[in-house]
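Each chain, letter by letter, is given below.
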Amino acid sequence: MSAPTHAKGLRITLRVWRQSGPSASGAFETHALESVSPDMSFLEMLDVLNESLVGTGKSPISFDHDCREGICGACSLVIDGHAHGPDAETTTCQLHMRHYRDGATITVEPFRANAFPVVRDLVVDRSAFDRIIAAGGFISVNTGSAPEANSLPVGKPLADEAMDNAACIGCGACVAACPNASAMLFVAAKISHLKLLPQGAPERESRALAMVEAMDKEGFGNCTNHYECGAACPKGIPVSSIARMNREFLRASLKSSPPRGAAPEGA
Amino acid sequence: MSDTTSKSGGSRLDSKVPSGPMAERWTRHKFDLKLINPANRRKFHLIVVGTGLAGSSAAASLAEMGYRVTVLCIQDSPRRAHSIAAQGGINAAKNYPNDGDSVHRLFYDTVKGGDFRARESNVHRLAEVSTRIIDQCVAQGVPFAREYGGLLANRSFGGAQVSRTFYARGQTGQQLLLGAYSALERQVGAGRVKLLARREMLDLVLVDGIARGIVARNLVTGEYERHAGDAVLMCTGGYGNVFYLSTNAKACNVTATWRAHKRGAFFANPCFTQIHPTCIPVSGDHQSKLTLMSESLRNDGRVWVPERSGDKRAPNEIPENERDYYLERLYPSFGNLVPRDVASRSAKEQCDLKKGVGESGMAVYLDFRDAIARDSEDAIRARYGNLFQMYERITGEDPYRVPMRIYPAVHYTMGGLWVDYNLESTLPGLFVLGEANFSDHGANRLGASALMQGLADGYFVIPATIASHLAGRKLAPVTTDHAAFAEAESSARERIARILSVQGKRSADSIHRELGLTMWNQCGMARDKAGLGQALEKIRALREEFWENVRVPGDSKNFNQTLEHAGRVADFLEFAELLALDAREREESCGGHFRTEHQTPDGEARRDDEHFSHASAWEFKGVGEAPALHKEPLNFEIVHPSTRSYK
Ligand SMILES: Cc1cc2nc3c(=O)[nH]c(=O)nc-3n(C[C@H](O)[C@H](O)[C@H](O)COP(=O)(O)OP(=O)(O)OC[C@H]3O[C@@H](n4cnc5c(N)ncnc54)[C@H](O)[C@@H]3O)c2cc1C
Ligand code: FES
């Protein structure tokens, strides 16, 4: 995707979603940028734009970001229709302007989903993900009670597959990319990570039931096998995990152990 | 602020280090501490600020024990705390590889690695609990790397002579934090922890001299909140962003610790900052942060510069005999694996000699050509594939063909709020955990030791030591109606209103950048008295500039990221002065603190144990006033100070 660079940098036209608050109606705003350095990251381009907005007393564009190296999951943005932009397995903060042509027009929107209400401009509220984890995305082990680490061997292939799923950064791109705004890939990644490890076995059923229940309660849609989530995922979480999650849920429903509520008193 | 610092003779610092044989101190101390009976724990409400490794592990563990906990963080989710970004690994004295490691050796290496400026008893405790951290994380489902036989894999890291580092690909911090976060969320689900995300602590509230709460701002609505409790735990991370460019996440700040300092908590060793040798160099004025390339790369990459100053040929055109592999030349026994401070300073020296490479001349090569020829490209890809990909994304260059360009960057801060053996600051009831405190790494932190310390503090130390305060002191009931809360809230409001009212011409970001440049040039890898004096003047001038000329659009009644950032910059502008002052006061070179006046004839750091074998703990006396210096003498009972040599 690399493009010839303009001597003085790139001229870029940005169409950015602006929305002053959760209940306000939003609209696109257009900004022309002269001489964007090809070495800039996409977020650095927004920084530069924001500096000029501050300079003229206008309100800068709000967007979430923190680590700026693809691991914290804070950055988001739908760029030209793609969650985290056009590059495979790349978060927005890792996207660099050298991938754009001089004169390009780029449309920037927030991650849209009913379960992710807009906070302001490009910032959305993804706390639904935390609540799903709180419902069951853990192994119940109190500090201090753990056995010696090597007392439980885990085959390397299994540990590697667990890690593939544990690599999820909780950014929500899967939800933003899905036509149904489904959170299945996010939930499947956690269920898979913990199911694949022997440590996770004792709570296998209660975890699947509780997490799926919480997911439904948050208002995420259903999976109808578009697999846009997998294409958008910056960490390459395998979509086959969704099938595993469905099996886990079915298995747990058949065994119909009562859904887990709060951890037992004194836990 | 006047240039002279007032020195207090009588020390108010009681480190509360237990007596007895080193290896028994922690056990004995735990026995001597009072206990709180399980039924009584729910009567206590603890406020935890920060959800990195330290905060999440502390909040989860204390809630499991039965305490009521409120936890706050700046990010939208506790899982996004800066700990998530740690790549390389976590140390523990498990000795699985049977290569001679032990609690004693980890203790020894950490004291020595810290250049004899850490408190021995704390370090010993850290080494002791390290093994249980791994047990805990594995039980939580942290997917550490494993051998084919199913047991845990280890690697050697940061020049350690034994393999004691546990890792999860290049995402160890992420996996450890997700483990602690899952434990925290379990307690949230159980109703024992109240989680408040997108909150910023703006002040500490003292009632009768005891930390009894905080004032925070809801970053979405702009509302001010008062939280009262029986203790405050600050787990707010490091202050590396005072340099503007660093490997820290953008939200990392000094605000929480600085505001606590202004309320009376002593700040220790602020000048001990760590500069990591292998980061991707700055590419232009737009640069917003720097990216670390894991130092594991130095296991296979060879560092070099052209032998001739000003040689601008492409790296592959420079023949072997015109390359200077300067680390291998200067440090034959450690070569490319010398500790971070030494590797960083050497890179700077080469660039100062105009041998630096790349467009800016502020970089050196890290070359994998020989490793690829020796082990094959596939082998190198298997080891470092994700790092090479990250490098290529950022620079647009392919490190399999062209050597990487690297340069040092600010990475970690060893200084922090002074704490005693219980992790309690000089303010009763205020505990400080993780990177925010100062105690375990001395003047230089070894690789893979910060994760260990954050989790040691949160999982194992604070659950025991918090009782020293809760059971040891009489705590009268306090509510947020207390006048101290009103006073703290109005001072937080007033500061924000003042920032908004300036309506000048400069953005907070541009002032922050300028501050960062001063700190980097005059208070970075090499420091001297004159330069530090200039830095102090510049910092004061910038602070004035900020309060006269900053421009922050919008208001404080809704989500306003520019305002958040401006508030943090205002605190950095006060804190930077203390950092520079501490650097000037410490007339020696040790660890990450290198004073050019104090070096050996061949350019190595010269420590001065006779005059500086102490932690410098600073007491706030007012903005623009000279702070008071208190010294905690450091006694080395087991590891006797020697000169670090990596030749
Ligand atoms: C790129 C990188 C790689 C690293 N790799 C390694 C490694 O391989 N091994 C190793 O041992 N160490 C490594 N480190 C160091 C290590 O990651 C950190 O020292 C450690 O994670 C700090 O943890 P913490 O819990 O103290 O703070 P943090 O993780 O920084 O968390 C701070 C928390 O405090 C909150 N906070 C801050 N201020 C406020 C406020 N005013 N109000 C409310 N909340 C606030 C934040 O929201 C956050 O939740 C690395 C560091 C970097 C930068
Ligand atoms: S800012 Fe952290 S993943 Fe993009």
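In this text the structure is predicted, and so the values were computed from the model without any measurement.

Visitor: Pulling in residues and values, what's your account of helix H1 (residues 42–55) of chain A?
Guide: Compared with the 20 Å implied by 1.5 Å per residue over 14 residues, the 20 Å span of H1(A) between its first and last C-alpha is a close match. A:Phe42, A:Leu43, A:Glu44, A:Met45, A:Leu46, A:Asp47, A:Leu49, A:Asn50, A:Leu53 and A:Val54 are the residues of H1(A) that are buried. Looking at the packing, one finds that the buried side of H1(A) touches strand S1 (10–18), strand S2 (27–36), strand S3 (78–79) and strand S5 (105–109) of chain A together with helix H16 (561–585) of chain B. Positioned one or two residues after H1(A), A:Gly57 has a phi angle of 75 degrees, which is positive.

Visitor: Lay out the domain arrangement of chain B in plain terms, naming residues and giving numbers.
Guide: Residues and elements named next belong to chain B. Looking at chain B, the domain boundaries give domain 1 (10–272 + 414–470), domain 2 (278–411) and domain 3 (490–607). In this structure, domain 1 and domain 3 have C-alpha centres spaced 26 Å apart. Opposite the 37 residues of domain 1 that make contact, domain 3 presents 40 residues. With both sides pooled, the region where domain 1 packs onto domain 3 buries about 3300 Å², and carbon together with sulfur makes up 59% of that total. Here domain 1 is connected to domain 3 by five salt bridges. The closest approach of N and O atoms between Arg-117 and Glu-588, which form a salt bridge, is 3.0 Å.

Visitor: Before we move on, can you summarise the confidence of the model for chain A with the specific residues and values?
Guide: Residues and elements named next belong to chain A. Averaged over chain A, the pLDDT score is 93; the fraction of residues at 70 or greater is 93%. In this model, residues 1–6 is a region of pLDDT below 50 whose contacts with residues beyond four sequence positions or in other chains number 13 contacts. Contacts for the low-pLDDT stretch residues 262–267, under 50 throughout, to residues beyond four places or in other chains number 14 contacts.

Visitor: Break down the sheet that holds strand S10 (residues 231–234) of chain B for me, with residues and values.
Guide: All names here are of chain B. The five strands lie next to each other as S6-S3-S2-S10-S18, forming an open sheet whose pairing is parallel. Each edge of the open sheet carries a strand with a single partner, namely strand S6 (193–196) and strand S18 (430–432). Each strand axis lies, on average, 20 degrees off the axis of its neighbour in the sheet, ignoring direction. Pairing of strand S3 (residues 68–72) with S6, which is carried by four bridges, proceeds in the parallel orientation. Directly across from Leu-72, in S6, lies its bridge partner Leu-196.

Visitor: Lay out helix H4 (residues 103–113) of chain B in plain terms, naming residues and giving numbers.
Guide: All names here are of chain B. Residues of H4 that are buried: Leu-106, Phe-107, Thr-110, Val-111 and Gly-113. All buried residues of H4 lie within an arc of 165 degrees about the axis, which places them on one face of the element. On its buried side, H4 packs onto strand S4 (90–91), helix H5 (120–140) and helix H12 (450–470). Positioned one or two residues after H4, Asp-115 has a phi angle of 55 degrees, which is positive.

Visitor: Can you lay out the site of ligand 1 for me, pointing to particular residues and giving the numbers?
Guide: All names here are of chain B. In the region of ligand 1, 37 residues are neighbours, and Gln-75, Ser-83, Gly-88, Met-201 and Glu-435 sit closest. In this structure, Ala-54 approaches ligand 1 through a main-chain N or O atom, which is 3.0 Å from an oxygen atom. Relative to its unbound accessible surface of 1000 Å², ligand 1 loses 98% to contact with the protein. Breaking the shell around ligand 1 down by element, the ones donating at least two residues are helix H3 (53–65), strand S7 (199–207), strand S16 (404–413) and H12.

Visitor: How would you sum up the packing of aromatic side chains? Please name residues and give values.
Guide: Geometry of an aromatic ring pair is reported as the spacing of the ring centres plus the angle between the planes. By the definition in use, this model includes 25 aromatic pairs over all chains. Centre to centre, the rings of A:Phe42 and A:Tyr100 are 6.3 Å apart; their planes meet at 50 degrees, and the pair counts as tilted. In this pair, A:Phe42 sits in helix H1 while A:Tyr100 sits in the loop between strand S4 (82–83) and S5, placing the two residues 58 residues apart along the sequence. Ring geometry for A:Phe129 and A:Phe186: centres 3.7 Å apart, planes at 5 degrees, overall stacked. A residue pair is termed long-range when its members are at least 10 positions apart, and A:Phe129 in helix H2 (residues 127–136) and A:Phe186 in helix H5 (residues 184–196) qualify at 57 residues. Relative accessible area serves as the criterion here: at 3%, A:Phe129 is assigned to the buried category. What links up through ring pairs into an aromatic cluster is the set B:Tyr239, B:Trp258, B:Phe267, B:Phe575 and B:Phe620. Above the face of the A:Trp17 ring, A:Arg112 is positioned so that its terminal group lies 4.2 Å from the ring centre.

Visitor: Got a sec to walk through the interface of chain A and chain B? Specific residues and values, please.
Guide: Listed per partner, the contact involves 81 residues of chain A and 73 residues of chain B. Both faces combined, the contact of chain A with chain B buries some 6200 Å², and carbon together with sulfur accounts for 49% of it. In this structure, the connection of chain A to chain B is made through five salt bridges. Two residues, B:Arg198 and A:Asp64, come together in a salt bridge whose shortest N-O distance is 2.8 Å. Along the contact surface separating chain A from chain B lie 42 residue pairs in polar contact (both at pLDDT 80 or more). Elements with a contribution of two residues or more to the side of chain A that touches chain B: H1, strand S6 (118–120), strand S7 (123–124), H2, helix H3 (156–166) and H5 of chain A. Class assignment for the residues of the side of chain A that touches chain B results in 40 nonpolar, 22 polar and 19 charged.

Analysis parameters
- Residues numbered from 1 in each chain as written.
- Chains lettered and ligands numbered in written order.
- Predicted model: local features only at pLDDT ≥ 70, side-chain atom pairs only at ≥ 80, totals over all residues.
- Heavy atoms only, no water.
- Helix = DSSP H or I, 4+ residues; strand = E, 2+ residues; numbered from the N terminus.
- Expected span 1.5 Å × (residues − 1).
- Buried < 20%, exposed > 50% of the residue type's maximum accessible area, 1.4 Å probe, protein only.
- Contact = heavy atoms within 4.5 Å.
- Domains from an automatic or database assignment.
- Buried area = accessible area lost by both parts, 1.4 Å probe.
- Salt bridge = Lys/Arg side-chain N within 4 Å of Asp/Glu carboxyl O.
- pLDDT = per-residue confidence, 0-100.
- Pairing = 2+ DSSP bridges.
- Axes fitted to C-alpha atoms, helices over the stretch in contact; angles between N-to-C directions.
- Arc of directions from axis to C-beta.
- Near = heavy atom within 4 Å.
- Polar contact = N/O pair within 3.5 Å; in protein donor to acceptor, adjacent residues only side chain to side chain.
- Areas by Shrake-Rupley, 256 points an atom, 1.4 Å probe, with all protein chains shown as cover.
- Phe/Tyr/Trp six-rings, centres within 6.5 Å; stacked < 30°, edge-to-face > 60°.
- Lys NZ or Arg CZ within 6 Å of the ring centre and 35° of its normal.
- Nonpolar A, V, L, I, M, F, W, Y, C, P; charged D, E, K, R; others polar.

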